[in-house]
Amino acid sequence: MNLFLYLLTVLIWGTTWIALKLQLGVVAIPVSIVYRFGLAALVLFALLLLSRKLQVMNKRGHLICLAQGLCLFCVNFMCFLTASQWVPTGLIAVVFSTATLWNALNARIFFKQKIARNVVAGGALGLLGLGLLFWPELSGHTASPETLLGLGLALIGTMCFSAGNMLSSLQQKAGLKPLTTNAWGMLYGASMLALYCGLSGIPFNMEWNARYVGSLLYLVIPGSVIGFTAYLTLVGRMGPERAAYCTVLFPLVALNVSAYAEGYQWSPPALAGLVLVMLGNVLVFRKPKPLPMTAKLA
């Protein structure tokens, strides 16, 4: 089940970039995010009510869902999408891949979980591999104040993503399942962003064509309802630090799709980066060897 959820998350989130590109146009980016998570919340609530699996939450659970919605379904998306105006997408992918390391650190701070050396080493290898994968894009980008601002926003977005992971893990430890917490979190996140759009005077336009509506539905059902549920279930089953290695593998799927759809050419540095990313994946999921009996008795 863990392997299935892991591969499902990587495949879905590795292809959502296509739908995100198709969203660009008449509708403002924040409004598209509101549509995405607002509709995803409605779908989740409908499924939970029909199956009678909507869990009852107390005030504490709702407050955590509110914070999770702010972190996972609102602020982090705004940070990444704003950063993409000034920073190459490859560099954003590299920054986002540090979520593995942030999750390991935060799990240590908040849940007193031991930081596994293989997870840190695997995350570092994956980070180096992504740097090689996107080296042509990174080396051709000149530094500027806007670049620093974009990097700062990407880092804030990554830390918000990690915080959302910790909040989901906390909810699952309390017996609440991701389907219920995601439904409320997406509703809260979409509502807060809708309020921001209203106060900022951003119009709620809509494009009634196959390109926009089709990409929106892909982001709502596979990208949000299935993707976030699968990923946050992994956070509860495997731990936030291992689950977050998905963020390193998303760009690999995206590049392979790009090679097929847009003619992306694999270069020697990119292939070397691919090898490092896969080695990092092996390290992250390698189970530590049990201590010898003599070591345990010492």
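Residues numbered from 1 in each chain as written. Predicted model: local features only at pLDDT ≥ 70, side-chain atom pairs only at ≥ 80, totals over all residues. Heavy atoms only, no water.

Visitor: Tell me about the pattern of salt bridges, residues and numbers included.
Guide: Scanning the entire structure with this criterion turns up 2 salt bridges. Notably, a salt bridge pairs Glu207 with Arg211, separated by 2.6 Å at the nearest N-O pair. Overall, the relative accessible area of 10% leaves Glu207 in the buried class. Its salt-bridge partner being Glu241, residue Arg242 comes within 3.6 Å of it at the nearest N-O pair. (Salt bridge = Lys/Arg side-chain N within 4 Å of Asp/Glu carboxyl O. Buried < 20%, exposed > 50% of the residue type's maximum accessible area, 1.4 Å probe, protein only.)

Visitor: Go over a nonpolar patch on the surface, please, and point to the residues and values.
Guide: Side chains of Leu105, Ile109, Phe110, Ile115 and Val120 sit close together on the surface and give an oily, nonpolar patch of about 420 Å² of accessible area. Relative to the helices and strands, Val120 resides in helix H7 (residues 117-133). (Patch = residues over 30% accessible without salt bridge, like charges linked within 9 Å, V, L, I, M, F, W, Y side chains within 5 Å. Areas by Shrake-Rupley, 256 points an atom, 1.4 Å probe, with all protein chains shown as cover. Helix = DSSP H or I, 4+ residues; strand = E, 2+ residues; numbered from the N terminus.)

Visitor: Outline a positive patch on the surface, supporting the account with residue identities and numerical values.
Guide: Together, Arg108, Lys112, Lys114 and Arg117 line one region of the surface with positive charge. Relative to the helices and strands, Arg117 is located in helix H7. (Lys, Arg positive; Asp, Glu negative; His and termini not counted. Charge placed at Lys NZ, Arg CZ, Asp CG, Glu CD.)

Visitor: Now, about the side chain of Ser168: what can you tell me, with residues and values included?
Guide: Within the secondary structure, Ser168 is located in helix H9 (residues 145-173). A residue is classified by how much of its surface remains accessible, and Ser168, at 1% relative accessible area, is buried. The contacts of Ser168, once residues within four sequence positions are left out, are Gln68 and Leu232. (Contact = heavy atoms within 4.5 Å.)

Visitor: Describe in detail the packing of aromatic side chains, supporting the description with residues and values.
Guide: Within this structure, the stated rule accounts for 13 aromatic pairs. Both rings, one in Trp13 and one in Phe250, keep their centres 5.4 Å apart while their planes meet at 80°; by these two values the pair is edge-to-face. Placement of the pair is Trp13 in helix H1 (residues 2-13) and Phe250 in helix H13 (residues 246-261), with a sequence separation of 237 residues. In terms of burial, Trp13 and Phe250 fall into one category: buried. Every member of this aromatic cluster is reached through a ring pair, and the members are Trp13, Phe37, Phe73, Phe77, Phe80, Phe96, Phe161, Phe228, Tyr231 and Phe250. The ring of Phe111 has Lys173 lying over it, and the distance from NZ or CZ to the ring centre is 5.2 Å. (Phe/Tyr/Trp six-rings, centres within 6.5 Å; stacked < 30°, edge-to-face > 60°. Lys NZ or Arg CZ within 6 Å of the ring centre and 35° of its normal.)

Visitor: Outline the environment of Leu11, listing residues and values.
Guide: By secondary structure assignment, the location of Leu11 is in helix H1. Leu11 sits in the exposed class, given a relative accessible area of 53%. For the pair formed by Leu11 and Leu217, sequence separation is 206 residues and the distance between their alpha carbons is 17 Å.

Visitor: Tell me what's going on with helix H4 (residues 59-83), and back it up with residues and numbers.
Guide: Taking 1.5 Å per residue as the helical rise, H4 with its 25 residues ought to reach 36 Å, and the 34 Å between its terminal C-alpha atoms agrees with that figure. At Val75, H4 shows its largest bend, some 35°. Two or three places before Arg60, at the start of H4, stands the capping residue Asn58, its side-chain oxygen 3.2 Å from that residue's backbone nitrogen. (Expected span 1.5 Å × (residues − 1). Bend = angle between axes of the 7 residues up to and from the residue. Polar contact = N/O pair within 3.5 Å; in protein donor to acceptor, adjacent residues only side chain to side chain.)

Visitor: With reference to specific residues and values, describe the nonpolar core.
Guide: Membership of the largest hydrophobic core comes to 68 residues, with the highest contact counts inside it found for Phe37, Leu133, Met186, Phe228 and Tyr231. If you tally residues by element for this core, the top one is helix H11 (residues 210-238), at 11 residues. In this structure, Tyr231 is in contact with Thr9, Trp13, Asn103, Phe161, Asn165, Pro240, Ala243, Ala244 and Cys246, ignoring residues within four places of it in sequence. (Core = buried A, V, L, I, M, F, W, Y, C linked by side-chain atoms within 4.5 Å.)

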